[in-house]
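What follows is each chain in one-letter form.
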Amino acid sequence: MPSLSDALVISVSHPFVTLRCGTDTLRIAEDQIRDLVPGDKVILEDSEDGIPMIVERVARTSVLTRMSGDAMRRGGTSRPSAVAANVDLGVIVASADRPAFHPRFIDRYLLLLELENVRPALCVTKADLRSRMDDAAALYGSLDMPIVEVSTVTGVGMDDLRNVLRGKTAVFVGQSGVGKSSLVGALVPDLEIRTQEISAKTGTGRHTTTASGLYEWEPGSAIIDTPGIRTLSIDHVPKGQLRFAFREFEALSEHCKFRDCLHAREPKCAVQEEVASGTIPRARYDSYLRMMEET
């Protein structure tokens, strides 16, 4: 009878998958199982010639998806595509400068993480250039999520980030050039991860990571680095689900006049009243309205 074993997907380069099986690292063909991503857990079976085969993907506890058209290059087809699985934490990486701090981008990733039931965290990089902690706290301090500010140049905040990540499988997501790969390199210093400078001509990031990869930085703690992107589509998100993804709206919704209030133009909307009073930041609400127009 063929022997079975458990394995963890750490990277995918079609048609091959790199797996960690116990203390061994294996690179094998995908065979019958397709669309595997870092973080997936699979079952291996020894074939008659002794070569392991993937025979089953274990049910995912969570999965992070985005539209394939959001990828690095133009011309991608627009369909939902998984980038990481079985994660405990989604770390939105935003730069304090070069590229500029971009709350609208953060809001979009918060939306996707909330809809996937992945706990969010915010990491603001490049604190050696300037601080954006006050801005981040003003916009997101009420959301009960970790917010850290770090610099991989000076080491400021890196211990705080390690404390947030410890004991979890976390996925790093964010714009191109915000420093995700530099963070991975600082957390796992023996890795050689290619990074590039920001484009002086456009001020935008240049892509360095071209595929997601899982790295264990201490026992029981892993990070998945994902490719940076320049745009993040939310076309696949139903309009009616948007209001549930803005966490600060949840408790207020029961005080709206209409049970199905979208918090846009409806009268006697508790969310709009809190925005008018300044309790909910106007920038967050404007971001919500902008997404409503896109879905």
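Being a predicted model, the structure only gives us computed values, none of them experimental. (Residues numbered from 1 in each chain as written. Predicted model: local features only at pLDDT ≥ 70, side-chain atom pairs only at ≥ 80, totals over all residues. Heavy atoms only, no water.)

Caption draft 1: Summary view of empty space enclosed by the protein. Taken as a whole and assessed by the stated rule, the structure comprises 2 cavities of 30 Å³ or more. Estimates place the volume of the largest cavity at around 60 Å³. For the lining of the largest cavity, the secondary structure elements donating two or more residues are strand S8 (89–95) and helix H1 (103–115). No other element matches the 4 residues that S8 contributes to the lining of the largest cavity. Grouping the amino acids of the lining of the largest cavity by side-chain chemistry returns 8 nonpolar, 4 polar and no charged. (1 Å grid on protein atoms, 1.4 Å probe; cavity = no way out; pocket = protein on both sides within 12 Å on 5 of 7 lines; lining within 4 Å. Points joined across faces, edges and corners; volume = space filled by probe spheres on them. Helix = DSSP H or I, 4+ residues; strand = E, 2+ residues; numbered from the N terminus. Nonpolar A, V, L, I, M, F, W, Y, C, P; charged D, E, K, R; others polar.)

Caption draft 2: Expanded view of the packing of aromatic side chains. One pass over the structure, following the stated rule, counts 5 aromatic pairs. One aromatic cluster in this structure is built from Phe246, Phe249, Tyr285 and Tyr288. Positioned above the aromatic ring of Phe16, the side-chain terminus of Arg27 is 4.3 Å from the ring centre. (Phe/Tyr/Trp six-rings, centres within 6.5 Å; stacked < 30°, edge-to-face > 60°. Lys NZ or Arg CZ within 6 Å of the ring centre and 35° of its normal.)

Caption draft 3: Representation of the side chain of Thr169. With respect to the secondary-structure elements, Thr169 resides in strand S11 (residues 169–174). Discounting chain neighbours no more than four positions away, the residues touching Thr169 are Asn86, Val87, Asp88, Leu89, Ala222 and Ile224. (Contact = heavy atoms within 4.5 Å.)

Caption draft 4: Just the packing of H1 against helix H8 (residues 282–294), in detail. Here H1 crosses H8 at 65°, and the two axes come no closer than 10 Å. Our classification of the angle between H1 and H8 gives roughly perpendicular. Classified by chirality, the crossing of H8 by H1 is right-handed. Together, Arg104, Asp107, Arg108, Leu110 and Leu111 of H1 and Arg284, Ser287, Arg290, Met291 and Glu294 of H8 make up the contact between the two elements. Its residues assigned to classes, the contact of H1 with H8 comprises 3 nonpolar, 1 polar and 6 charged. (Axes fitted to C-alpha atoms, helices over the stretch in contact; angles between N-to-C directions. Parallel < 35°, antiparallel > 145°, perpendicular 65-115°, else oblique. Left-handed = near helix turned anticlockwise from the far one by under 90°.)

Caption draft 5: Layout of the pairing of strand S5 (residues 52–57). Of the strand pairs in this sheet, strand S4 (residues 41–46) and S5 are connected by 5 bridges, and their pairing is antiparallel. Residue Ile43 lies in a different strand from S5, and its bridge partner there is Glu56. Count of turn residues in the S4/S5 antiparallel hairpin: 5 residues, of which Gly50 carries a positive phi of about 85°. (Pairing = 2+ DSSP bridges.)

Caption draft 6: Structural context of the pattern of salt bridges. Counted by the stated rule, this structure contains 9 salt bridges. A salt bridge links Arg247 to Glu114; the nearest nitrogen and oxygen atoms lie 2.6 Å apart. Taken together, the positions of Arg247 in the loop between helix H5 (239–245) and helix H6 (250–253) and Glu114 in helix H1 put the pair 133 residues apart, joining distant regions of the chain. With a relative accessible area of 27%, Arg247 lands in the partly exposed category. Where Arg284 meets Glu248, a salt bridge forms, and the shortest distance between an N and an O atom there is 2.8 Å. Of this pair, Arg284 sits in helix H8 while Glu248 sits in the loop between H5 and H6, and the two are 36 residues apart along the sequence. Side by side, Arg284 and Glu248 carry an identical accessibility label, which is buried. (Salt bridge = Lys/Arg side-chain N within 4 Å of Asp/Glu carboxyl O. Buried < 20%, exposed > 50% of the residue type's maximum accessible area, 1.4 Å probe, protein only.)

Caption draft 7: Representation of the confidence of the model for the chain. Per-residue confidence for the chain gives a mean pLDDT of 86; residues scoring 70 or more make up 86%. Per-residue pLDDT stays below 50 along residues 194–209; that stretch engages in 40 contacts with residues further than four places along the chain or on separate chains. (pLDDT = per-residue confidence, 0-100.)

Caption draft 8: Inspection of the nonpolar core at higher detail. Core analysis: the biggest nonpolar cluster contains 51 residues, and Ile92, Ile106, Leu122, Tyr140 and Val271 have the highest contact counts within it. Of the residues forming this core, the biggest block, 7 residues, is contributed by H1. Those residues in contact with Leu122 that sit more than four places away from it in its chain are Ile92, Ala94, Ile106, Ala136, Tyr140, Met145, Pro146, Ile147 and Val148. In terms of nonpolar packing, the next biggest core, distinct from the first, is built from 20 residues, Phe172, Val184, Val188 and Ile223 among them. (Core = buried A, V, L, I, M, F, W, Y, C linked by side-chain atoms within 4.5 Å.)

Caption draft 9: Local environment of the pairing of strand S13 (residues 221–225). Of all the 5 residues making up S13, 5 are buried; the element is thus mostly covered by neighbouring parts of the structure. What you see with S13 is no split at all: Ser221, Ile223 and Asp225 on one side and Ala222 and Ile224 on the other are buried throughout. The pairing of strand S12 (residues 213–218) with S13 spans 5 bridges and is classified as antiparallel. Across the sheet, residue Glu218 finds its bridge partner in S13, namely Ser221. Taking the residues between adjacent antiparallel strands as the criterion, S12 and S13 are bridged by 2 residues, where Gly220 takes a positive phi near 80°.

Caption draft 10: Quick peek at H8. Helix length check: H8, at 13 residues, gives a terminal C-alpha distance of 19 Å against a target of 18 Å (1.5 Å per residue), a fit within 8%. Regarding H8, the residues found buried are Arg284, Tyr285, Ser287, Tyr288, Met291 and Met292. For H8, the angular spread of buried residues about the axis comes to 155°, placing them on one side. Considering only its buried residues, H8 is in contact with H1, helix H2 (133–140), H5 and helix H7 (270–277). (Expected span 1.5 Å × (residues − 1). Arc of directions from axis to C-beta.)

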